[in-house]
Amino acid sequence: MMIDRIFKIFVAIFLLQSVSCTSIQKTAVTDHYNGKKFQNPTLEKQFSPSFSDIFRMMREGRPKWPKNIENTAIPTIEKNLDKDETSITFVNHATFLIQLYGLNILTDPVWSKRTSPISFIGPKRIREPGVDFSDLPQIDVVLISHNHYDHLDKKTLRKLNERYSPKFIVPLGDKKLLQSIGIKDVIEMDWWENIQINPYTVISFTPAQHSSGRGLFDRDKSLWGSYFIKHLNQSIYFGGDAGYSTHYSDIKKRLGSPDIAMLGIGSYAPQFFMKPVHMNPEEGVKAHKDLNAKLSIGMHVGTFQLASEPFDEPQLKLKEALQKENIPEATFLILQEGETKKISVSSN
């Protein structure tokens, strides 16, 4: 009983996303910054769950997930890609290895056992990462969508910095956090800002409907978002963590339709709590249509139990949603952890 009580208290603190080092360098008021905090212009009421909301969610209970699952996929780490080729390897949760001609990118890298501010308690992985850290190729760029623990893992970022010295791209307010662990090559970005990575590649930081915070006193003090990568004649969208909103159609209007989109379709239950910040599979399909993506890949599933849906429900509901919309299943996949999808843009 005591352990259960301690766990519930921890969950309450974790879900309130309480903190560490954040700093707002931006002072100008915008549609997503009110002078004190960042906000979602797509929400009439900002996401701000109370303790009563959290305990209501916990009273509903959670289905049991498997304690341990063995990965069966074998990743293909590319060494030399042609200019029209893209290789996407799903590591786990929201971590992808994106390999392009002359460039390797990691998204929201998490290799730690728990996504938690405490090393011995909190959401624990039920499977190993699909790619062993020691098998990673040279990493050139790391993209961080926001500072929640399941997307910004300081232990993993420190290891990446020590081994590869990549460029880290983060939302406004998160640069100080990375600098606190010894990372110097950090670029902070606001929505719709661009950075030229090399002669072939431009990365844009794009909107998302979500929140931020790592402690009790820093809620929404740093920004969140998604990324749109343009590389030669290819375009790739990494959706980060997001609830469904008009930002997907806005991104398509301003930047075009991506060849590949990585979209969250997990951690959506219960809906009264999760809907503003996480998509369910049906909403993921809407986002796929709004973006007019040629291929979408589901994420935020299969590794950490962060919400109340059954383990295999996202896969089943995605299939149902695609059938309902008469969309071929081959255009919206869920990769196995460690599975690689190689795409030639010319063939699309």
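Residues take numbers from 1 onward in each chain, read along the sequence in its written order. Where totals are concerned, whole chains, interfaces and linings use all residues; where local detail is concerned, this predicted model gives features only for residues with pLDDT of at least 70, and gives and counts side-chain atom pairs only at 80 or more. Hydrogens and waters are ignored; side-chain quantities use all the structure's heavy atoms.

Quick word on the overall build of the protein chain
Threshold: Strands are runs of DSSP state E lasting at least 2 residues, helices are runs of H or I lasting at least 4, and numbering of each runs from the N terminus. Computed with a 1.4 Å probe, the accessible areas rest on the Shrake-Rupley method; for each residue, only the protein chains presented here act as cover. Charged residues are defined here as Lys and Arg on the positive side and Asp and Glu on the negative side; His and the ends of the chain fall outside this count. Lysine's charge is taken at NZ, arginine's at CZ, aspartate's at CG and glutamate's at CD.
Within the protein chain, the secondary structure is distributed over eight helices and 14 strands. If one aligns the C-alpha atoms of the protein chain with their principal axes, the spans along those axes are about 55 × 45 × 40 Å. Here the protein chain displays about 15,100 Å² of accessible surface, and carbon together with sulfur accounts for 51% of that area. Taking the average location of the 43 positive side-chain charges in the protein chain and that of its 39 negative ones, the two points are 5 Å from each other.

Here's the deal with the sheet that holds strand 11 (residues 260-264)
Pairing between sheet strands relies on hydrogen bonds along the backbone, with the strands arranged either parallel or antiparallel. Quick note on the threshold: Pairs of strands are assigned from DSSP output, requiring at least two bridges between the strands.
Taken in spatial order, the seven strands make up an open sheet running 7-8-9-10-11-12-13, and their pairing is mixed. With one partner strand each, in any of the chains shown, strand 7 (194-198) and strand 13 (332-333) form the two edges of the open sheet. The pairing of strand 8 (residues 201-206) with strand 9 (residues 226-231) spans six bridges and is classified as antiparallel. The residue bridging Phe205 from the neighbouring strand is Tyr227, located in strand 9.

Quick look at the packing of aromatic side chains
Here is the rule we go by: Between rings of Phe, Tyr and Trp, where Trp is taken as its six-membered ring, a pair exists when centres lie within 6.5 Å; planes separated by under 30 degrees are stacked, by over 60 edge-to-face, and by other angles tilted. Buried, partly exposed and exposed residues are distinguished by accessible area as a fraction of the type maximum, computed with a 1.4 Å probe on protein chains only: under 20%, between the cut-offs, and over 50%, respectively.
Using the criterion set out here, one finds twelve aromatic pairs in the structure. Measuring from centroid to centroid gives 5.6 Å for Trp111 and Phe133, while their planes differ by 85 degrees, and the two rings are edge-to-face. Here Trp111, found in the loop between strand 3 (103-107) and strand 4 (141-143), pairs with Phe133, found in the loop between strand 3 and strand 4; they are 22 residues apart in sequence, far enough to count as distant. A relative accessible area of 13% places Trp111 in the buried class. Residue class for Phe133 comes out buried when judged on its relative accessible area of 10%. With centroids separated by 6.1 Å and ring planes inclined at 20 degrees, the aromatic side chains of Tyr244 and Tyr248 adopt a geometry described as stacked.

A word on the nonpolar core
Short version of the rule: The term nonpolar core refers to a set of buried residues drawn from Ala, Val, Leu, Ile, Met, Phe, Trp, Tyr and Cys, joined through side-chain atoms within 4.5 Å. Residues count as neighbours in contact if any of their non-hydrogen atoms are within 4.5 Å of one another.
With 54 residues, the main nonpolar core has Phe96, Ile98, Ile105, Ile203, Met262 and Leu263 as its most contacted residues. With four residues, the top contributor of residues to this core is strand 11. Apart from residues lying up to four places away in sequence, Ile105 is in contact with Phe96, Leu97, Ile98, Leu100, Val141, Leu143, Ile203 and Ile229. Core analysis: the second largest hydrophobic core is formed by 21 residues, Val91, Leu157, Leu160 and Tyr164 among them.

With respect to the sheet that holds strand 14 (residues 340-344)
Heads up, the rule is: Interaxial angles span 0 to 180 degrees and are taken between N-to-C directions of axes, which are lines fitted to C-alpha atoms, for helices over the stretch in contact.
Taken in spatial order, the seven strands of this open sheet run 6-5-4-3-2-1-14, and their pairing is mixed. Either end of the sheet is taken by a strand with one partner, and the two such strands are strand 6 (186-189) and strand 14. The mean inter-strand angle of the sheet, taken between neighbouring strand axes irrespective of direction, is 20 degrees. When strand 5 (residues 167-171) meets strand 6, the two strands line up parallel, connected through four bridges. Residue Phe168 lies in a different strand from strand 6, and its bridge partner there is Val186. Along the sheet, helix 3 (residues 154-164) makes contact with strand 3, strand 4 and strand 5, crossing strand 5 at roughly 150 degrees.

Quick look at a nonpolar patch on the surface
Formally: Residues with no salt bridge and a relative accessible area higher than 30% make up the patches, which join like charges within 9 Å and nonpolar side chains (Val, Leu, Ile, Met, Phe, Trp, Tyr) within 5 Å. Salt bridges are counted wherever a side-chain nitrogen of Lys or Arg sits within 4 Å of a carboxyl oxygen of Asp or Glu.
A surface patch of nonpolar side chains, about 450 Å² in accessible area, is lined by Phe51, Phe55, Leu216 and Phe217. Here Phe51 shows up in helix 2 (residues 51-59). Judged by relative accessible area, Phe51 falls into the partly exposed class, the value being 43%.

Let's talk about helix 8 (residues 313-324)
Condition: For a helix, the expected span equals 1.5 Å multiplied by the residue count minus one. Taken from the helix axis, the directions to the C-beta atoms give the arc we talk about.
For helix 8, spanning twelve residues, the distance from its first C-alpha to its last is 16 Å, which sits close to the expected 16 Å at 1.5 Å a residue. If you check which residues of helix 8 are buried, you get Pro314, Leu318, Ala321 and Leu322. In a view along the axis of helix 8, the buried residues occupy a sector of 95 degrees, so they form one face of it. Set apart from the buried face of helix 8 by more than 90 degrees, the exposed residues are Leu316 and Lys324. Buried residues along helix 8 sit in contact with helix 7 (281-291) and strand 13. Backbone geometry just after helix 8 places Asn326 at a positive phi near 55 degrees.

Description of the confidence of the model for the protein chain
Just so we agree on the cut-off: A residue's pLDDT is the confidence the predictor assigns to it, expressed on a 0 to 100 scale.
Taken residue by residue, the protein chain gives an average pLDDT of 92. The fraction at 70 or more is 91%. Per-element confidence in the protein chain is highest for strand 4, whose mean pLDDT is 99, and lowest for helix 1 (residues 2-15), whose mean pLDDT is 44. Confidence drops under pLDDT 50 across residues 1-10; counting only partners more than four residues distant or on other chains, this segment forms nine contacts. This model gives residues 12-20 a pLDDT under 50, and the stretch forms 39 contacts once residues within four places in sequence are excluded.

Notes on unusual backbone geometry
Look at the link from Ala269 to Pro270: it is a cis peptide, with omega at 0 degrees. We note that Trp192 has phi near 75 degrees; this positive angle belongs to a residue other than glycine. Backbone geometry at His300 places phi at a positive 70 degrees, although glycine is not the residue there. Mapping His300 onto the fold places it in the loop between strand 12 (295-299) and helix 8. Exposure remark for His300: the relative accessible area of 4% places this residue in the buried category.

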